[in-house]
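Tertiary structure, described
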Amino acid sequence: MKKNNQINFMHSIKLLAGIIIVFVFAQKNFAQDTSDVMNQMEKEVAQNQINYTTATFKSTRIINGHSVETLPAHVLDLRISHRFGPLSSGVYNFFGLDNATMRLGFDYGITNNVMIGVGHSTYQKTYDAFFKAKVLRQSKGQVSMPVTITLVAAVALNSLHAADFYAKPDSGVAVKRASYVLQALIARKFSENFSLQLMPTFIHADNISFLHNEHNMLAIGIGGRHKISKRMSLNAEYYYEVHGNKAPGTHNVLSFGIDIGTGGHVF
C-alpha cells in the first residue's frame, strides 16, 4: 500500500512538471507572437502617420542669413544685432569695435509656418521688412519629403538725406532708395547633429547703398549646422555672387558662428 502511494505521488510530480513545462513554452510562444503583432501594428501606425523633422536649425537665422525655421504662431521675437569693423583696423578702432553698427528688429509668427519681420539699422539709416513662409517640411511616414523649403521676400529702404551721399539735385540721376531680395531656402537634416541648407538668392540693389555695376544680381549660398553638445552648435555660411560683377573692394561672404542655447534664448 505504501509503495502504491509513492508511485502515485511520483506520477503526480511528473504530471505537474510536464504541465509547468508546457505552460512555460506556451507562454513564451504567446509572448513572442504578441510582440510580433505589436511590432507590426507599430510599423503600420508609423506608416500611416506623418512624422515631421524638427529643429533643422536652432534659430530663424543661420548667421547673417535666414534659415528654414519659422517662429511658432503668435510668438514675438526681439532681435538686436551688431556688426563690427575689420579686426585689421587695429588698436585705434579697437579692432573694429569702434565701427559697430546695430539693427533693432521685431519678428512675429503669424502661424507656425508663416512669419513677418521689420527692423531698423544704424548703417545708412536703413529700414527693412520681410515675409517668410515654409511651404514644404521634411518628413517620413505616410508623406515622405526629403527636404524643407522656405521662401523669403525682403525689402530695405535707405533713408539717408541726399546731402549725406553727395547727391546733386540737378544731376539728372534718379535716386533709387529701395532694395529687394528673394530667396528659396532648401534644407535637409541628415542626422540629429548635422543639417545643410542651400540658398539661391536674387537681389535688386538700390543705387545708394551699393556700388555694383549691375543692380540685378544672383547669388548662391550654402549654410550648415553641426551640433557639438546638447546646447551648443557650430554654424557656417557662405554666399557666392554668381555673375561676378562685384563692386571694387567687396567680397563673397564667409561666416562662422556658435549657437548657445540656454533653454529660452539662443546666443
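This report concerns the structure included in the present document. (Residues numbered from 1 in each chain as written. Predicted model: local features only at pLDDT ≥ 70, side-chain atom pairs only at ≥ 80, totals over all residues. Heavy atoms only, no water.)

**Side note on the sheet that holds strand β7 (residues 148-158)**
What counts, and what does not: By definition, two strands form a pair when at least two bridges between them are found by DSSP. Helical segments are the DSSP runs of H or I of at least four residues, strand segments are the runs of E of at least two, and each set is numbered from the N terminus. Every axis in this analysis is a line fitted to C-alpha atoms, fitted for helices over the stretch in contact. Angles between the N-to-C directions lie between 0 and 180 degrees.
Strand order in the open sheet formed by ten strands is β2-β3-β4-β5-β7-β8-β9-β10-β11-β12, and the pairing between neighbours is antiparallel. Lying at the two open borders of the sheet, with one neighbouring strand each, are β2 (76-83) and β12 (253-260). Neighbour to neighbour, the strand axes of the sheet diverge by 20° on average, direction disregarded. Here strand β9 (residues 194-204) runs beside strand β10 (residues 216-227); their pairing, made up of eleven bridges, is antiparallel. Looking at the pairing, T201 lines up with A219 of β10.

**Quick word on the side chain of R79**
To keep things clear, this is the line we draw: Polar contacts, as used here, are pairs of N or O atoms within 3.5 Å; protein pairs need one atom able to donate a hydrogen and one able to accept it. Residues neighboring in sequence count only if both atoms are side-chain atoms. By the convention used here, residues are in contact when the closest approach between their heavy atoms is within 4.5 Å.
Tracing the sequence through the fold places R79 in strand β2. Polar side-chain contacts of R79 include one of 3.1 Å to the side chain of D77. Among residues more than four places away in sequence, those in contact with R79 are S59, T60, R61, R103, L104, G105 and D107.

**So, the pattern of salt bridges**
As a reminder of what qualifies: We define a salt bridge as a side-chain nitrogen of Lys or Arg found within 4 Å of a carboxyl oxygen belonging to Asp or Glu. Note on exposure labels: buried denotes an accessible area under 20% of the residue type's maximum, exposed denotes more than 50%, and partly exposed covers the range between, all computed with a 1.4 Å probe on protein chains only.
Per the counting criterion, the structure on display carries five salt bridges. As a salt-bridge pair, D107 and R61 come within 3.0 Å of each other at their nearest N and O atoms. Residue D107 is located in strand β3 (residues 101-109), and its partner R61 is located in the loop between β1 (50-52) and β2; the two are separated by 46 residues in the primary sequence. Taking relative accessible area as the criterion, D107 reaches 0% and is therefore assigned buried.

**Quick look at the environment of A187**
With respect to the helices and strands, A187 occurs in strand β8 (residues 178-189). The exposure class assigned to A187 is buried, which follows from its relative accessible area of 1%. For A187 and T150, which are 37 residues apart along the polypeptide, the C-alpha to C-alpha distance reads 8.6 Å. Beyond its immediate chain neighbours, meaning those up to four positions away, A187 contacts T56, F57, V68, Q138, V147, T148, L196 and Q197.

**Considering unusual backbone geometry**
Phi is positive for A55, which is not a glycine, with a value near 55°. Positionally, A55 belongs in the loop between β1 and β2. Classification of A55 by relative accessible area gives partly exposed; the value is 39%.

**Re the nonpolar core**
Heads up, the rule is: For the purposes of this section, nonpolar cores are sets of buried Ala, Val, Leu, Ile, Met, Phe, Trp, Tyr and Cys residues that join through side-chain atoms within 4.5 Å.
If you look at the biggest cluster of nonpolar residues, it comprises eight residues: F57, I62, V68, V152, L185, A187, M199 and Y239. Among all residues touching Y239, those that are not within four sequence positions of it are G65, Q183, M199, T201, I220, G221, N252 and V253.

**Some points on the layout of surface pockets**
Condition: Cavity means a closed set of points on a 1 Å grid over the protein atoms alone, one where a 1.4 Å probe fits but cannot get out, pocket means an open set with protein on both sides within 12 Å along at least 5 of 7 lines, and lining means a residue has an atom within 4 Å of a point. Grid points are joined across faces, edges and corners, and a volume is the space filled by probe spheres set on the points. Charged residues are taken to be Asp, Glu, Lys and Arg, nonpolar residues to be Ala, Val, Leu, Ile, Met, Phe, Trp, Tyr, Cys and Pro, and polar residues to be all remaining types, Gly included.
There is about 160 Å³ of room inside the second largest pocket. Lining of the second largest pocket is provided by T53, T54, Q138, S139, K140, M145, P146, R188, K189, F190, S191 and E192. For the lining of the second largest pocket, a count of residues per class yields three nonpolar, five polar and four charged.

**Focus: the environment of R225**
Along the chain, R225 turns up in strand β10. Note on R225: relative accessible area 8%, which makes it buried. With 28 residues separating them along the chain, R225 and Q197 place their C-alpha atoms 8.8 Å apart. Setting aside chain neighbours within four positions, we find R225 in contact with A55, T56, F57, K58, N193, F194, S195, S233, L234 and N235.

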